[in-house]
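Observations on the three-dimensional arrangement
Below, each chain spelled out in residue letters.
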Amino acid sequence: MSNNDTLKDAGLKVTHPRSEILDILQANPEMHLSADEIHNKLVDNKQSIGLATVYRVLTQLEIAGLIQKNQFSDNQSSYEIKKQHHDHLICTKCGKIIEFMNDDLEKLQEKISDKYQFRLDSHVMTLFGVCKNGSCQNE
Ligand SMILES: [Zn+2]
Ligand SMILES: [Zn+2]
């Protein structure tokens, strides 16, 4: 499916900025990009789309359920194309982000919610540490 169809299916009018930004995130499904990084890629692709527009479009795409916004640090959000639910491991040395999904962990969260008669809608699980990369762990 072309990303223009994806936009239409999500009820969004196809505009050049929406199409270009969705394209970048679709082309890099494993990446978690900040608005600045997305903007830089647009500049690399010779697209004159301002940073304010990037922010506005990202919010629209997020509300439409096409992308996921992550808050891995206080001062910056990162965006990824919406895919199956997963959680993240983040290396605080090099910034590497590893995606994982663990059924036991998912079930455990439901069990905890049940115990408190809490209706679980969603969760955010982000583990911070140091990745296996030697230069990260040796410091
Ligand atoms: Zn690392
Ligand atoms: Zn992710």
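Residues numbered from 1 in each chain as written. Chains lettered and ligands numbered in written order. Predicted model: local features only at pLDDT ≥ 70, side-chain atom pairs only at ≥ 80, totals over all residues. Heavy atoms only, no water.

Glancing now at the coordination of the zinc ion (ligand 2). A four-donor tetrahedral metal ideally has 109.5 degree angles, and a six-donor octahedral metal ideally has angles of 90 or 180 degrees. Within the protein, the zinc ion (ligand 2) binds to His 32 (NE2), Glu 80 (OE), Glu 80 (OE), His 86 (NE2), His 88 (NE2) and Glu 99 (OE); these donor distances fall in the range 2.1 to 2.4 Å. Of note is the zinc ion (ligand 2), whose six donor atoms meet at the metal with angles of 54 to 168 degrees in an arrangement that counts as irregular. The motif formed by the donor residues of the zinc ion (ligand 2), counted along the single chain, is H-x47-E-x5-H-x1-H-x10-E. With a relative accessible area of 3%, His 88 lands in the buried category. (Donors = N, O, S within 2.8 Å, 3.2 Å for Na, K, Ca; no water. Tetrahedral: all angles 85-135°; square planar, octahedral: opposite > 155°, others 65-115°. Buried < 20%, exposed > 50% of the residue type's maximum accessible area, 1.4 Å probe, protein only.)

Before going further, it helps to examine the domain arrangement of the chain. Split into domains, the chain comes out as domain 1 (3-81) and domain 2 (87-133). Its C-alpha centre places domain 1 at a distance of 24 Å from the equivalent point of domain 2. Each partner contributes residues to the interface: domain 1 has five residues there, and domain 2 has six residues. A combined buried area of about 450 Å² lies between domain 1 and domain 2, and 62% of that area is made up of carbon and sulfur atoms. Across the contact surface, domain 1 and domain 2 share zero salt bridges. Linking domain 1 to domain 2 there are three residue pairs in polar contact (both at pLDDT 80 or more). Per element, the largest residue contribution to the side of domain 1 that touches domain 2 is three residues, and it comes from strand β1 (residues 67-73). In terms of residue class, the side of domain 1 that touches domain 2 is built from one nonpolar, three polar and one charged. (Domains from an automatic or database assignment. Contact = heavy atoms within 4.5 Å. Buried area = accessible area lost by both parts, 1.4 Å probe. Salt bridge = Lys/Arg side-chain N within 4 Å of Asp/Glu carboxyl O. Polar contact = N/O pair within 3.5 Å; in protein donor to acceptor, adjacent residues only side chain to side chain. Helix = DSSP H or I, 4+ residues; strand = E, 2+ residues; numbered from the N terminus. Nonpolar A, V, L, I, M, F, W, Y, C, P; charged D, E, K, R; others polar.)

In contact at an axis separation of 10 Å, helix α3 (residues 35-44) and helix α4 (residues 51-63) are set at 120 degrees when each is read in the N-to-C sense. Judged on the interaxial angle alone, α4 and α3 are oblique. Relative to α4, α3 is oriented so that their crossing is right-handed. When α3 is examined against α4, the residues Ala 35, Asp 36, Ile 38, His 39 and Leu 42 are found in contact with a partner set consisting of Leu 51, Val 54, Tyr 55 and Leu 58. Classifying every residue of the contact of α3 with α4 by side-chain character gives seven nonpolar, one polar and one charged. (Axes fitted to C-alpha atoms, helices over the stretch in contact; angles between N-to-C directions. Parallel < 35°, antiparallel > 145°, perpendicular 65-115°, else oblique. Left-handed = near helix turned anticlockwise from the far one by under 90°.)

In this section: the sheet that holds strand β4 (residues 97-100). By definition, the strands of a sheet pair up through backbone hydrogen bonds, in either a parallel or an antiparallel sense. On the basis of which strands lie adjacent, the open sheet formed by three strands has the order β4-β3-β5 and mixed pairing. In this open sheet, the two edge strands, each paired with only one partner strand, are β4 and β5 (126-129). Taking the axes of each pair of neighbouring strands and ignoring which way they run, one obtains an average angle of 20 degrees across the sheet. Inspection of the sheet shows strand β3 (residues 87-91) paired to β5 by four bridges, in the parallel sense. Across the sheet, residue Leu 89 finds its bridge partner in β5, namely Leu 127. (Pairing = 2+ DSSP bridges.)

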